[in-house]
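# Structural characterization, general
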Amino acid sequence: MKTRFDWQLIPSFLAVLQQGSLLGAARQLGSSQPTLGRHISELEQQLGVALFERTGRGLLPTAMALQLAEHAERMAEGAFQLNMAATGSDTLLPGVVRITASQPVAFQLLPPVLSRLRERYPSIRIELVASNTVDNLLQREADIALRMVQPAQASLVARKVAEIGIGAYAHRDYLARCGTPKQLPDLLAHALLGEDQGTTIQRGLQLLGLDVPSERFVLRTDDYLVYWATVCSGMGIGFLSDHMARKAPDLLPVLPNLRIPAYPIWLTVHREIRGNRRVRVVYDHLAEDLPLELARQLAG
């Protein structure tokens, strides 16, 4: 670095990186293409490296640009948080962040987390989509996703923020009527509630040494709220997240040592928008508060 580093060039670098063109970056920042082009040239000169390849389809980031991107994002976020702390306001954040989450997470864990987000950042509006599909981010139908499976696509950035423990539960009336299993094979003599298209419960039981074919389940559904309500009705033995089971005092654990492999919760965002300040604030809040909320519900 031959000259004094100009920190004001970082927003231009990130905008061009996200948009892939000077025109898109200029629209994002409310600037002009010549200004953005000059900023990129100045930054390349100061760093002594090439950051973009000029092609007919736009600007392609070099390997060095991608390597520096994470550091630049942290710099921009640090400057933004400094501004937030100094002004004590979130006036730079107005707008919408669209979150998609699996039905159990959207129903039970997110409402108190989003309520606290609202208190901290009242100018951010949330759109919450309860969906079990995994392609929302790729189709740009959402900004942030909370999923039970780790995405494999290189364009998505994922972080595991929690694990949800799964156990076998039944209503006390069902156990009084049909008896309580003492060993794992005893489950086959009971009314079992399972998934329809999903295979998590069956695969989990197989890992424990019990093969339960689909026809042995007296009810199968992939709607988690319907599933939870059916277990609470006393129809049979179901496999629920521990924090959800605690919400129904008449549900009792069955074979407490029986543990279906835990569900991971992956907080996922598209690589191209993770530098968006509004999305980043919501992303960081979810990463911090969601595991705390899960611990609260398990303790309560």
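See the structure above.
Structure report, in brief.

### Quick notes on the side chain of Gln 297
By the element assignment, Gln 297 lies in helix H10 (residues 277–299). Residue classification places Gln 297 among the buried positions, given a relative accessible area of 6%. The contacts of Gln 297, once residues within four sequence positions are left out, are Gln 108, Leu 109, Pro 112, His 243, Arg 246 and Lys 247.

### Quick notes on the pattern of salt bridges
Throughout the structure, instances matching the rule amount to 12 salt bridges. The shortest N-O distance in the salt bridge between Asp 196 and Arg 220 comes to 3.6 Å. Of this pair, Asp 196 sits in the loop between strand S7 (192–194) and helix H7 (200–207) while Arg 220 sits in strand S8 (residues 217–220), placing them 24 residues apart in sequence. Judged by relative accessible area, Asp 196 falls into the partly exposed class, the value being 36%. Here Asp 284 ties to Arg 280 by a salt bridge, and the two come within 3.2 Å at their closest N and O atoms. With Asp 284 and Arg 280 both in helix H10, this residue pair falls four residues apart, about one helical turn.

### Points about the sheet that holds strand S3 (residues 95–101)
Read from one edge to the other, the open sheet built from six strands follows the order S4-S3-S5-S10-S6-S9, with strand pairing classed as mixed. Edge positions in the sheet fall to strand S4 (124–130) and strand S9 (238–241), since each has one partner strand and no second. Averaged over all pairs of adjacent strands, the angle between strand axes in this sheet comes to 25°, irrespective of strand direction. By the bridge criterion, four bridges tie strand S5 (residues 144–147) to strand S10 (residues 251–270) in an arrangement that is antiparallel. By the bridge assignment for S10, Ala 145 is matched with Thr 268. Running at roughly 120° to S10, H7 makes contact with S9 and S10 of the sheet.

### Describing unusual backbone geometry
Peptide bonds are trans in most cases, and residues, glycine excluded, mostly fall at negative phi. Within the chain, Leu 255 stands out as a residue other than glycine whose phi angle is a positive 50°. Locating Leu 255 in the fold gives a position in strand S10. Residue class for Leu 255 comes out buried when judged on its relative accessible area of 12%.

### As for the nonpolar core
One broad rule of soluble globular proteins: the nonpolar side chains tend to lie buried together. Membership of the largest hydrophobic core comes to 60 residues, with the highest contact counts inside it found for Val 105, Ile 265 and Leu 286. Non-local contacts of Ile 265, meaning those with residues more than four positions away in its chain, are made with Val 105, Leu 109, Leu 146, Arg 147, Met 148, Arg 159, Lys 160, Val 161, Ala 162, Ile 164 and Leu 290. Counting residues in hydrophobic clusters, the runner-up holds 19 residues, among them Ile 10, Phe 13, Ala 15 and Ala 69.

Rules used throughout
Residues numbered from 1 in each chain as written. Predicted model: local features only at pLDDT ≥ 70, side-chain atom pairs only at ≥ 80, totals over all residues. Heavy atoms only, no water. Helix = DSSP H or I, 4+ residues; strand = E, 2+ residues; numbered from the N terminus. Buried < 20%, exposed > 50% of the residue type's maximum accessible area, 1.4 Å probe, protein only. Contact = heavy atoms within 4.5 Å. Salt bridge = Lys/Arg side-chain N within 4 Å of Asp/Glu carboxyl O. Pairing = 2+ DSSP bridges. Axes fitted to C-alpha atoms, helices over the stretch in contact; angles between N-to-C directions. Core = buried A, V, L, I, M, F, W, Y, C linked by side-chain atoms within 4.5 Å.

Take it as geometry only, folks, not as evidence of what the structure does.
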